[in-house]
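# Commentary on secondary and tertiary structure
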Amino acid sequence: MDEINAMPLYPTEEILWDENVVPNEFFSGEGCLALPKLNLQFLTLHDYLLRNFNLFRLETMYEIRQDVEDAVLRLCPFLTSDQSTQFSGWARMALPVAKFTVVEVAKPHVGKNHPSRVRADATINLDIRRNIATEWDSLRKHDVCFLLTIDALSTSPTYSSRKPFLEQVRLRYLRGCEVEGYLDEEGRVVAEGFEKPDYKTRMRTVRLYLDVNQYQFDMEKTIKGSEDVYETFNLIMRRKPKENNFKAVLETIRDMINTECVVPAWLHDIFLGYGDPGEAHYSKMPNKTETIDFNDTFLDAEHLLENFLGMEIKCEAAPEEQIKPFKIHFPEKGAGLEVIPYTLPNPGPYPYNKPKENSVRFTPTQIEAIKAGCNPGLTMVVGPPGTGKTDVAVQVINNIYHNFPNQRTLIVTHSNQALNQLFQKIINLDIDERHLLRLGHGEEGLGTDKDFSKYGRVNYILAHRLELLNEVGRLQKSLGVQGDVTYTCETAGYFNLYQVKSRWDEFMTRLKQKSGSEEGNEACDVKELFPFHVYFSNAPQPIFKGDSYVEDLDQAEGCYRHIQKIFDQLEEFRAFELMRSGLDRANYLLVKEAKIIAMTCTHAALTRRNLVKLGFRYDNILMEESAQILEIETFIPLLLQEPEDGHNRLKRVILIGDHHQLPPVIKNMAFQKYSNMEQSLFTRFIRLGVPAIELDKQGRSRASLANLYNWRYKKLGNLPHVLNSSEYLTSNPGLSFDYQLINVEDFNGVGESEPNPYFYQNLGEAEYVVAVYMYMRLLGYKSEEITILTTYNGQKHLIRDVVKQRCGDNPVFGFPKTITTVDRYQGSQNNYILLSLVRTKTVGHLRDVRRLIVAMSRARLGLYVFARVGIFANCYELTPAFKQLLKHPTELHIYPDERFPTNRKTGDLPPSAKVIKDMPEMSKFVYDYYYQVIEKLTKEQNELNKQKEAVESAAHRFQTPKEAKTIDAPIEEDPEKKKKNLEETLAQPFLAIDDVGTAEDRDDSENSDNEDVVHPIRILPSNFQDVREEFQPFPHVKYEEEETEEQSNEAAAATEQSAEMETTQTEQDQPAEDTAGIQETEVDSNKEAGEKDETEAVEEIPDNDAGVDSKPVEDVEMRDEKEKEGDSEEGEEEECGPSLDMMRS
């Protein structure tokens, strides 16, 4: 224990390149390694934590080693004449250090032998590209950086990523540090959240915290005569924030090792891998919930009966009273159940008082998962693609919120995207938003204008408090009460106690007196005696209809509930009045006010120490994507609170995931395969035999597409709408099949290429995929409905390059919604998927069936796979999917006479399909087809202009001479109506391409899902002709065009104009007369600006004159991938891979 506590958490140069400690990427699976393993069973919780601590630390070291090698080689260090090291290149993630000084060494704490704090200042020069300087300026507190001492070995070195790193560069020292913040010009740390000072120079000084244990070791060596490490640093390196949280995770694990970890008693044995695997199932829990309020889970009584077929159902209510919501009582013994329908209390007279309701028609298996989630114990839900895992999770949270209003629920996911999708659905249910909280930096990705972060919720509560006090003031005025009762929440509470409640009690007393009299109660009595008529005068009238005494009394009670809800919220907000600090309010919100708290597993690891310190408490935890989360990152969220009297207060643990899809990403093969580090807690529980509910109905893909992956699951069927909806019953326009495997042979004698290690590309497939995308766009497919996927990062960058060159400047095509890798796209979907498998020599990492399942299950309506058929069809692991794919021809079949949308039914082949044999043929076809479309567009536009001119002329003829002289004079009604109708008719163009023009010109109709609606184009943009003339989509296909007479005249005019400008200087500032020339100039300037922006995102690799091997341009994020997917986030600015021209050559 003492050794672990004294261990520096940052790696050093001594162990990073020691392959006995950190194995290299090559591991065959044979032999024995000195590494701990994560198996099914563990001795104790401390044994479990220690194994995970060591493995996580070593995996982090391996990733850091890769980052250091990449950054240093890009900087190209060289020796100067005085034998000092300088850098001739540059790297995005590293900068030379101009000055480094240790500024503080604090005294040790009592009983410690190392300093309590060591701080240092590092000065860097941000005279670099603006976007990269902005990234460095964005360093936040607690970000981890690395200080390096680099010694060059030659005055003109040659660097290559294929050679061993230490043979090219001497890395003398490497130390980790943590950012405190940048210093202003007066030497003070700029606090996070405050506006940054206006620096006069590009020099920056950043204050750093050094590792105190490592500093103590280094100083002891220095005292013995060794070199002072902290006087030698000449380089500082940062890492991507998402990959750079290792220090906080290691600290959290170490804290847990040093404390007594307590998991719930009912989960302890299962967690360690012992005992009965089903011991924690709700059916065996002593405190099982026998009666569950399913709230809005069931849409109607028929829906309830569908989900309990074969069971004896008792319901004492009359048939007309069997309406939702329902409570269900599950007897402890017996197979029957008792249904108890009930009526929700009237929430108030205003429309916004009506609660939000669920609209999902859950299946019996989903209902069983919801039932299990509402019960105490461990709930495991296996969710195949498209089976509604998120909907089940949201309904479980909603039911727990209403059944157990005093309990708090923690939601954890692997990614921000999944968390935002889940949280967005929770917002749309009947959960008061003051009880919702979303922690972490991904909150801005929520598709809402509301801010659900800590400080955003505090601001909401303070603003809502003022609104509620205004309502109290209105109520006070309506009652004629004097005094200032809206000063604070406390004064409002007294007003409620002495004025509001007293009037309501008097009202109810008088009604009871009436009921006791001989006259009895009548409906008019409620209206006459109700004391809050004036306050509810702004509600929809009439509030009291007078038809029934019971109905009017129910309305009166609803009005009173509305008033009491105001005072209940003010009572909750009273604490925010008493606290003056924003931090105190945010912490109170986190610990007391919020009932549903959402965060990623990474954020849980980063903030555990602070949450425990604050006294954070929660009763239930739900983890989605749990099969993608590392085992230790799943365990940490279970222990974000201190035990109470030696017991963990967790009542429910709900794990939702799919172990048949991709596991957590582990980059080092030795840790992944030998140590089994890629095994998630969810997968381990499945292997142990813990009971799990497997959802069995998918609602994402066509039934034919679902057959490509449903063989991997026990009994995965289809929801009714997949079989009956018109969207699924209609074929894909212009394409003969809804899925197809398209064989791609070598292009120019080249199949796959590998410009850098594990950086696989295939130019033939890239061109073919983009050509099919362009063809679909010409038919009228929406760009946002098409996604291009590939299995390798190298191919991803190549396809992006091809799309940029073919489609980037052409408004007819635009960009597809996403171009990314299969691994990055897990959890997402789109209507049409174009998939490139890249490899032509071996199958590669698609041999992992889990990756195949993800790739096959992303499409809803169409999947088109581009691959070398002979390689993949003969792979045994892929046989079930490729056997299904090979039912259709391996040559692309298209039907260009069909437009989007079509009336052709699924399974019906077009009358005459065109067979595309290879990529060059598709390229030539798309080029020719493009010009046919443009000619038709131009013709239709000219006709449109003529008709508009005719309309304007006709409108002018309908005006009288007097009206023609008056600017605003109205014209006759019938001609005006005729003109308006004609203009509306002419405003509908004729070709089904929806995205021509700027973003402002697009028609995003809400009826886009209707198969009978044609999505027309807009009027051609002003630069459309120039774009068309410059369009050369496929440079490897030769096109010869004669110069037209019009082009010759324009060229002559441009030449004449140029001569005039040379002879007359005064005309230089005047606009050119040839508008076509101006337009062409604008297009060229925009093109140059785009090329400039593209250039700024590419790292400059020194040429051979600087002593560097000639090789294609590499992306900063293109490290050795070991056939693994990269970690770059979608939407981040990424640097280009090997250039398209280089690949083509």
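This text follows the structure it describes.
What you see is a predicted model; the values in this text were computed from it and never measured. (Residues numbered from 1 in each chain as written. Predicted model: local features only at pLDDT ≥ 70, side-chain atom pairs only at ≥ 80, totals over all residues. Heavy atoms only, no water.)

### Looking at the overall build of the chain
Of regular secondary structure, the chain possesses 35 helices and 30 strands. Expressed as a percentage of the 1145 residues in the chain, the buried residues total 54%. With an accessible surface of roughly 53300 Å², the chain has 48% of that area assigned to carbon and sulfur atoms. (Helix = DSSP H or I, 4+ residues; strand = E, 2+ residues; numbered from the N terminus. Buried < 20%, exposed > 50% of the residue type's maximum accessible area, 1.4 Å probe, protein only. Areas by Shrake-Rupley, 256 points an atom, 1.4 Å probe, with all protein chains shown as cover.)

### Description of the pattern of salt bridges
All chains considered together, the criterion is met by 53 salt bridges. Notably, a salt bridge pairs glutamate 14 with lysine 221, separated by 3.6 Å at the nearest N-O pair. Residue glutamate 14 is found in helix α2 (residues 13-16), and its partner lysine 221 is found in helix α5 (residues 212-223); the two are separated by 207 residues along the sequence. Relative accessible area serves as the criterion here: at 41%, lysine 221 is assigned to the partly exposed category. A single network of salt bridges, built from pairs that share partners, joins Arg617, Asp619, Glu644, Arg649 and Lys651. (Salt bridge = Lys/Arg side-chain N within 4 Å of Asp/Glu carboxyl O.)

### Notes on helix α7 (residues 265-272)
All of the buried residues in α7 are Trp266, Leu267, Ile270, Phe271 and Leu272. Positioned one or two residues after α7, glycine 273 has a phi angle of 95°, which is positive.

### Focus on helix α20 (residues 681-688)
Those residues of α20 that sit buried are Leu681, Phe682, Arg684 and Phe685. One side of α20 holds all its buried residues, which, seen down the axis, span an arc of 165°. Looking at the buried side of α20, the elements it contacts are α3 (45-75), α7, β13 (377-382), α18 (631-635) and β18 (652-657). (Arc of directions from axis to C-beta. Contact = heavy atoms within 4.5 Å.)

### What to know about the packing of helix α6 (residues 246-258) against helix α17 (residues 601-614)
For any two helices packed against each other, the geometry is given by the interaxial angle and the distance between the axes. Between α6 and α17, the shortest axis-to-axis distance is 8 Å and the interhelical angle comes to 50°. When the axes of α6 and α17 are compared, the pair comes out oblique. Of the two elements, α6 crosses α17, and the hand of that crossing is left-handed. Facing Ala248, Val249, Glu251, Thr252, Asp255 and Met256 of α6, the residues of α17 in contact are Ala605, Leu606, Arg608 and Arg609. (Axes fitted to C-alpha atoms, helices over the stretch in contact; angles between N-to-C directions. Parallel < 35°, antiparallel > 145°, perpendicular 65-115°, else oblique. Left-handed = near helix turned anticlockwise from the far one by under 90°.)

### Considerations on the packing of aromatic side chains
Following the criterion strictly, the structure yields 39 aromatic pairs and no others. Considering the side-chain rings of tyrosine 350 and phenylalanine 536, the 6.1 Å spacing of their centres and the 40° angle between planes classify their relative orientation as tilted. Placement of tyrosine 350 in the loop between β12 (337-341) and α9 (364-374) and of phenylalanine 536 in the loop between α14 (523-529) and α15 (549-578) is noted, with a sequence separation of 186 residues between them. In this pair, the class of tyrosine 350 matches that of phenylalanine 536, namely buried. Members of the aromatic cluster, each reached through a chain of ring pairs, are Tyr350, Tyr352, Trp504, Phe507, Phe530, Phe532, Tyr535, Phe536, Phe544 and Tyr560. A cation over a ring is seen here: arginine 839 above tyrosine 760, with NZ or CZ 3.8 Å from the ring centre. (Phe/Tyr/Trp six-rings, centres within 6.5 Å; stacked < 30°, edge-to-face > 60°. Lys NZ or Arg CZ within 6 Å of the ring centre and 35° of its normal.)

### Overview of the nonpolar core
If you look at the biggest cluster of nonpolar residues, it comprises 135 residues, and the most contacted ones within it are Leu148, Leu378, Phe532 and Phe635. With 15 residues, the top contributor of residues to this core is α3. Those residues in contact with leucine 148, other than ones at most four positions away along the chain, are Val68, Val72, Leu171, Tyr173, Leu174, Phe233, Asn234, Leu235 and Met237. Within the second largest apolar cluster, 50 residues are counted, among which are Tyr728, Leu735, Ile742 and Phe747. (Core = buried A, V, L, I, M, F, W, Y, C linked by side-chain atoms within 4.5 Å.)

### Section: the sheet that holds strand β5 (residues 144-152)
Strand order in the closed barrel formed by six strands is β3-β4-β7-β6-β5-β8, with antiparallel pairing between adjacent strands. Averaged over neighbouring strand pairs, the angle between their axes works out to 50° when direction is ignored. Two strands pair when backbone bridges link them, and β5 and strand β8 (residues 235-238) are joined in this way by four bridges, in the antiparallel orientation. In the strand pairing of β8, leucine 147 is matched with isoleucine 236. Across the sheet, α3 touches β3 (94-105), β5, β6 (169-182) and β8, and the angle it forms with β8 is around 130°. (Pairing = 2+ DSSP bridges.)

### Looking at the sheet that holds strand β22 (residues 739-743)
In space, the five strands of this open sheet follow the order β22-β28-β27-β25-β26, with parallel pairing throughout. Strands at the two margins of the open sheet, each flanked by one partner only, are β22 and β26 (818-821). Each neighbouring strand pair of the sheet contributes to a mean axis angle of 20°, computed without reference to strand direction. Pairing analysis gives six bridges linking strand β27 (residues 830-836) to strand β28 (residues 859-867), with the strands arranged parallel. Within the sheet, the bridge partner assigned to tyrosine 832 lies in β28 and is glycine 862. Strands β22, β25 (786-790), β27 and β28 of the sheet are contacted by helix α24 (residues 763-779), whose axis makes an angle of about 155° with β27. The strands touched by helix α25 (residues 793-807) within the sheet are β25, β26 and β27, with β26 carrying the most contacts at an inclination of about 160°.

### Quick look at the side chain of threonine 488
Here threonine 488 is to be found in the loop between α12 (454-479) and α13 (489-516). Not counting residues within four places of it along the chain, the set of residues in contact with threonine 488 comprises Leu469 and Glu577.

### Structural notes on the side chain of arginine 904
Looking at where arginine 904 falls in the secondary structure, it is placed in the loop between β29 (892-894) and β30 (914-916). In this structure arginine 904 touches Leu729, Thr730, Ser731, Asn732, Gly734, Leu735, Ser736, Glu898, Leu909 and Pro910, once residues within four positions along its chain are discounted.

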